[in-house]
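# Topology and contacts: notes
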Amino acid sequence: MHIRSSFIARHLAMGLALAGAATLAHSANAADFTGRGVFNFKSEAGCPFAALAGTANDCNRLALDDPETRAALDGAAHTIRFTNTRNYAEKTIVGDVLLQGSGQSRGGQRVPLTFHALLSRSGSDWSVSSHAHSPVGGEFSDIRIDPYQVVVNEANNADRVVLSADQVVEALAKPSLTARLANVLVQVDDNRTDGAKDADITIGLGLRKASKSVARARFRAPGAKGHELAAAMQQGNWTLELQALSGQIPRQVVQRDLFLYGLESQSLLQPLLQRGFHKNEKLVLGAANAKGYVRYDGQQREFAGADAAARAFLQDSFIGLVLGWQQQQPVKAKADGR
């Protein structure tokens, strides 16, 4: 149960609430971040879907969950330093780092990879948990990712490295035994038939013959069949849909995703924020004739940031990474995302 709950809390922190546009981009070599928010910065190693990120390649991410948390980014020294002096009664996530990169699969294919680290505090002590996202399983070589180290400031004002650049590469190249066991419990099925191009996947938990479906995600662009994601979205008519196939998706995961992707203040989504997903509920971002919208629980509202929201989701989340990858592969290439 520990492995399964860990997967839900981490890998299913995949954008179950979809992405939003309330992120700030910083491309300078040095920047300080304060206040609760989500901030993007440049990836020198490139982005998983370059056309979605734009010319600045601002697809690396810092999140500060707590207004007491501060982060200093030194691009020249490849160091991210977190500071927080608050004492917490229980273990609390106070921030995260997401780095984008790529690796070569055993079959020789260049595959997008994402490294995600969650930083927490209990009392005045720091802890970090991390995992990798990839659209296909296995080990990877020739890892290309920005060589950042993550540092925290301790109570005695001393700095401690909690993640080195080598540890990041190792996690991407050779997943830990725990990560591999968790991956065995994750099933990603390609739902496309009859030559369909639009990405359509179902996520299940459990061994293949006994897995339980958790979510279904679809990207549709009816007027742009065969186009890559960015080109399809430029047509001005598209939808990115997520359906909960289980009522057991943790509410905390949904709440944090609403924060990460800038949607926690949306009035339409307050029931989702308060109680999480009910089984079979759908959340949709889309555009009709280039006008963005968000749809939930049978209601639809205009949302000017839908395009940027969907782009962020497709890059930052596990489901988005698999959707984007699948949309560029032949139908016969079954997704086995991890």
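Residues numbered from 1 in each chain as written. Predicted model: local features only at pLDDT ≥ 70, side-chain atom pairs only at ≥ 80, totals over all residues. Heavy atoms only, no water.

## Side note on the packing of aromatic side chains
We count it as follows: Stacked, tilted and edge-to-face are the three classes applied to pairs of Phe, Tyr and Trp rings, where Trp contributes its six-membered ring and a pair requires centres within 6.5 Å; stacked means planes under 30 degrees apart, edge-to-face means over 60, and tilted covers the rest. The rule is simple: take the accessible area with a 1.4 Å probe, protein chains only, and divide by the maximum for that residue type; under 20% is buried, over 50% is exposed, in between is partly exposed. Strands are runs of DSSP state E lasting at least two residues, helices are runs of H or I lasting at least four, and both sets are numbered from the N terminus onward. Geometrically, a lysine NZ or arginine CZ counts as sitting over a ring once it is within 6 Å of the ring centre and also within 35 degrees of the ring normal.
A full pass over the atoms with the stated rule returns 3 aromatic pairs. Consider the rings of Phe-33 and Phe-39, whose centres lie 4.9 Å apart with planes at 45°: the pair is tilted. Considered together, Phe-33 and Phe-39 belong to a single accessibility category, that of buried residues. Taking the centre distance of 6.5 Å and the plane angle of 20° together, the rings of Phe-219 and Trp-238 count as stacked. Of this pair, Phe-219 sits in strand 15 (residues 212-220) while Trp-238 sits in strand 16 (residues 238-244); the two residues are 19 residues apart in sequence, bridging distant segments of the chain. The residues Phe-219 and Trp-238 share a single accessibility class, namely buried. A cation over a ring is seen here: Arg-121 above Trp-126, with NZ or CZ 4.9 Å from the ring centre.

## Points about unusual backbone geometry
Apart from glycine, the bulk of residues carry a negative phi angle, and the bulk of peptide bonds sit in the trans form. Look at Asn-157: it is not a glycine, yet its phi comes out positive at around 70°. For Asn-157, the position within the fold is in the loop between strand 11 (149-153) and strand 12 (159-163). Taking the relative accessible area as the measure of exposure, Asn-157 reaches 59% and is therefore exposed. Residue Asp-297 is not a glycine yet carries a positive backbone phi of 55°. Assignment of secondary structure puts Asp-297 in the loop between strand 18 (291-296) and strand 19 (299-302). A relative accessible area of 48% means that Asp-297 is categorised as partly exposed.

## Observations regarding the sheet that holds strand 2 (residues 30-34)
Spelled out, the test is: Paired strands are those between which DSSP finds at least two bridges. Angular values range over 0 to 180 degrees, each being the angle between N-to-C directions of two axes fitted as lines to C-alpha atoms, with helices fitted over their stretch in contact.
Spatially, 2-5-6-11-12 is the arrangement adopted by the 5 strands of the open sheet, whose pairing is mixed. The two strands at the open ends of the sheet, each matched to only one other strand, are strand 2 and strand 12. Pairwise comparison of adjacent strand axes, ignoring direction, gives a mean angle of 20° for this sheet. Bridge count for strand 2 against strand 5 (residues 70-74) is 5 bridges, and the pairing is antiparallel. Looking across to strand 5, one finds that Ala-30 is bridged to Asp-74.

## Quick look at the pattern of salt bridges
Rules: The rule for a salt bridge is simple: a side-chain nitrogen of Lys or Arg has to be within 4 Å of a carboxyl oxygen of Asp or Glu.
Counted according to the given criterion, the structure contains 17 salt bridges. Here Asp-159 makes a salt bridge to Arg-81, at a shortest N to O gap of 3.1 Å. Within this pair, whereas Asp-159 is found in strand 12, its partner Arg-81 is found in strand 6 (residues 79-83), the two being separated by 78 residues in sequence. With relative accessibility at 46%, the residue Asp-159 sits in the partly exposed group. The shortest N-O distance in the salt bridge between Arg-311 and Asp-307 comes to 2.6 Å. With Arg-311 and Asp-307 both in helix 8 (residues 306-316) and 4 residues apart, the pair spans about one turn of that helix. A relative accessible area of 16% means that Arg-311 is categorised as buried.

## Some remarks on the side chain of Asp-146
The condition is simple: For the purpose of counting charges, residues Lys and Arg are taken to be positive, whereas Asp and Glu are taken to be negative. His and the chain ends are not included. Any pair of N or O atoms that falls within 3.5 Å is considered a polar contact. Within protein, one atom must be able to donate a hydrogen and the other to accept it, and sequence-neighbouring residues count only if both atoms are side-chain atoms.
Topologically, Asp-146 is positioned in the loop between strand 10 (141-145) and strand 11. Summary of buried charges: Asp-146 has no salt-bridge partner, and the nearest side chain of opposite charge, Lys-42, is 8.9 Å away. A polar contact is formed between the side chain of Asp-146 and the backbone nitrogen of Ala-45, at a distance of 2.8 Å.

## Some remarks on the nonpolar core
Our working rule: Nonpolar cores are built from buried Ala, Val, Leu, Ile, Met, Phe, Trp, Tyr and Cys residues. Side-chain atoms within 4.5 Å join them into one set.
Counting residues in hydrophobic clusters, the biggest one holds 45 residues, and the most contacted among them are Ile-201, Phe-219, Trp-238, Leu-240, Leu-314, Ile-319 and Leu-323. Grouped together as the second largest cluster of nonpolar side chains are 33 residues, Phe-82, Val-136, Tyr-148 and Ala-173 included.

## Some words on the pairing of strand 7 (residues 88-104)
With 4 bridges joining them, strand 4 (residues 60-64) and strand 7 adopt antiparallel strand pairing. Pairing of Leu-64 across the sheet is with Gly-95, part of strand 7. Across 13 bridges, strand 7 lies against strand 8 (residues 110-123) in antiparallel orientation. Bridge pairing links Tyr-88 to Gly-123 in strand 8. In this antiparallel pair of consecutive strands, strand 7 and strand 8, the connection spans 5 residues, and Gly-108 shows a positive phi of 90°. Taken together, the 3 bridges between strand 7 and strand 10 define a ladder with antiparallel strand orientation. The residue of strand 10 that forms the bridge with Gly-101 is Ile-145.

## With respect to the packing of helix 8 against helix 9 (residues 318-327)
Quick note on the threshold: These descriptions rest on fixed angle ranges, namely under 35 degrees for roughly parallel, over 145 for roughly antiparallel, 65 to 115 for roughly perpendicular, and the rest for oblique. Residues are treated as being in contact if the distance between any of their heavy atoms lies within 4.5 Å.
The N-to-C vectors of helix 8 and helix 9 enclose an angle of 95°; their axes lie 5 Å apart at closest approach. Overall, the two elements helix 8 and helix 9 adopt an arrangement that is roughly perpendicular. Each of Phe-313, Leu-314 and Asp-316 in helix 8 lies in contact with helix 9, whose residues at this interface are Phe-318, Ile-319, Gly-320, Leu-321, Leu-323 and Gly-324.

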